[in-house]
Amino acid sequence: MKKIISAILIIFLNSCALIPTKPNENITGHNNSIYITGYEVFEIKSPHFCYFFISTCVSCESIKAKIEVYATEHMNFYMIEAPLSYQKGITKDDSIGAKRMEDIKFLGFPTLIYIENNTLTKMYVGINEITNILF
């Protein structure tokens, strides 16, 4: 029980709260090669990473520039502004195996997921987990 509580605390301390926000209306102004919509997440056939962020999230913004550079330097890495409405999860296992955007349950933001064979196979939450896996 202590391990579960500790894990939940670590996730919350390293990610932004699940606060619905207005989608960024200027998203089309971004580099279209790395920015996609939530609807495209499972349409890409090759294995790929998707980085979800919220424009008002301090943690997301603190690593956004570094993530953009990474995305432009690596194939099959995409950035998505989190949808206005989304499901909330308790553990990463709630989303592993998802095959549709509607089935992803977010624990916080930023979130990095790995899609292989049109299935979510890995999820990383918070700046510590994401930077540890990418950098």
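Attention here is on the structure that accompanies the text. Along each chain, residues carry numbers from 1 onward, in the same order as the chain's sequence is written. With pLDDT at 70 or above as the cut-off, local features in this predicted model cover only qualifying residues; side-chain atom pairs require 80 or more to be listed or tallied, and sums for whole chains, interfaces and linings still use all residues. As a convention, hydrogens and water are excluded, and side-chain values are obtained from all of the structure's heavy atoms.

1. Let's talk about the pairing of strand 1 (residues 48-53)
Along a regular strand, successive side chains alternate from one face of the sheet to the other.
Phase 1 of the analysis: By the criterion of burial, strand 1 is predominantly enclosed, with 6 of the 6 residues buried.
Phase 2 of the analysis: On strand 1, burial covers both faces: H48, C50 and F52 on one face and F49, Y51 and F53 on the other are all buried.
Phase 3 of the analysis: When strand 1 meets strand 2 (residues 77-81), the two strands line up parallel, connected through 5 bridges. Following the sheet pairing, C50 is matched in strand 2 by Y78.
Phase 4 of the analysis: One crossover worth recording links strand 1 to the parallel strand 2 by way of helix 2 (residues 58-73), and it is right-handed. Remark: exposure states derive from per-residue accessible area (1.4 Å probe, protein chains only) relative to the maximum for the residue type, with buried under 20%, exposed over 50%, and partly exposed in between. Helix and strand assignments follow DSSP, with helices taken as H or I runs no shorter than four residues and strands as E runs no shorter than two, numbered in order from the N terminus. At least two DSSP bridges between two strands are required for those strands to pair. A crossover counts as right-handed when, viewed with the strands pointing away from the observer, the path leading from the first strand over the helix to the second turns clockwise.

2. Points about the pattern of salt bridges
Phase 1 of the analysis: Salt bridge criterion: a side-chain nitrogen from Lys or Arg within 4 Å of a carboxyl oxygen from Asp or Glu. What the rule picks out here adds up to 3 salt bridges.
Phase 2 of the analysis: Residue K92 pairs with E129 through a salt bridge whose shortest N-O separation is 2.5 Å. Of this pair, K92 sits in the loop between strand 3 (87-88) and strand 4 (105-106) while E129 sits in helix 3 (residues 126-134), and the two are 37 residues apart along the sequence.
Phase 3 of the analysis: The exposure class of K92 is partly exposed, given its relative accessible area of 24%.
Phase 4 of the analysis: When its relative accessible area of 27% is taken as the criterion, E129 is described as partly exposed.
Phase 5 of the analysis: Note that R100 and E102 form a salt bridge whose closest N and O atoms lie 3.9 Å from each other.

3. Things to note about the side chain of T119
Phase 1 of the analysis: Mapped onto the fold, T119 is located in strand 6 (residues 119-125).
Phase 2 of the analysis: What makes T119 buried here is its relative accessible area of 14%.
Phase 3 of the analysis: Residues within four places of T119 in sequence aside, it is in contact with F42, G97, A98, K99 and Y114. Throughout, a residue-residue contact means that at least one pair of heavy atoms, one from each residue, lies within 4.5 Å.

4. Some details on the sheet that holds strand 1
Phase 1 of the analysis: Within the open sheet, the 4 strands sit side by side as 2-1-5-6. Their pairing is mixed. The open sheet terminates on both sides in strands that have one partner only, identified here as strand 2 and strand 6. Within the sheet, the average angular offset between the axes of one strand and its neighbour, ignoring direction, is 25°.
Phase 2 of the analysis: Note: strand 1 against strand 5 (residues 111-116), 5 bridges, orientation antiparallel. Each residue of the ladder has a partner; that of C50, found in strand 5, is I113.
Phase 3 of the analysis: Of the strands in this sheet, strand 1 and strand 2 are in contact with helix 2, which crosses strand 2 at around 145°.
Phase 4 of the analysis: Helix axes are fitted only over the stretch in contact, all axes being lines through C-alpha atoms; the angle between N-to-C directions runs from 0 to 180 degrees. In this fold helix 3 packs onto strand 1, strand 2, strand 5 and strand 6, with an angle of close to 115° to the strand it touches most, strand 6.

5. Observations concerning the packing of helix 2 against helix 3
Phase 1 of the analysis: Interaxial distance between helix 2 and helix 3 falls to 11 Å at its minimum, and their mutual angle equals 15°. Here helix 3 runs roughly parallel to helix 2, going by the angle between their axes. In the packing of helix 2 onto helix 3, the handedness of the crossing is left-handed. Contact with helix 2, carried on its side by S59, S62, I63, I67 and Y70, involves I127, I130, T131 and L134 of helix 3 and no other residues of that element.
Phase 2 of the analysis: Here the contact of helix 2 with helix 3 is composed, by residue class, of 6 nonpolar, 3 polar and no charged. These descriptions rest on fixed angle ranges, namely under 35 degrees for roughly parallel, over 145 for roughly antiparallel, 65 to 115 for roughly perpendicular, and the rest for oblique. Left-handed describes a crossing whose near helix is turned anticlockwise from the far helix through less than a right angle; right-handed describes the clockwise counterpart. Residues are grouped as follows: nonpolar covers Ala, Val, Leu, Ile, Met, Phe, Trp, Tyr, Cys and Pro; charged covers Asp, Glu, Lys and Arg; every other residue, Gly included, is treated as polar.

Scope: geometric values only; no functional claims are made or implied.
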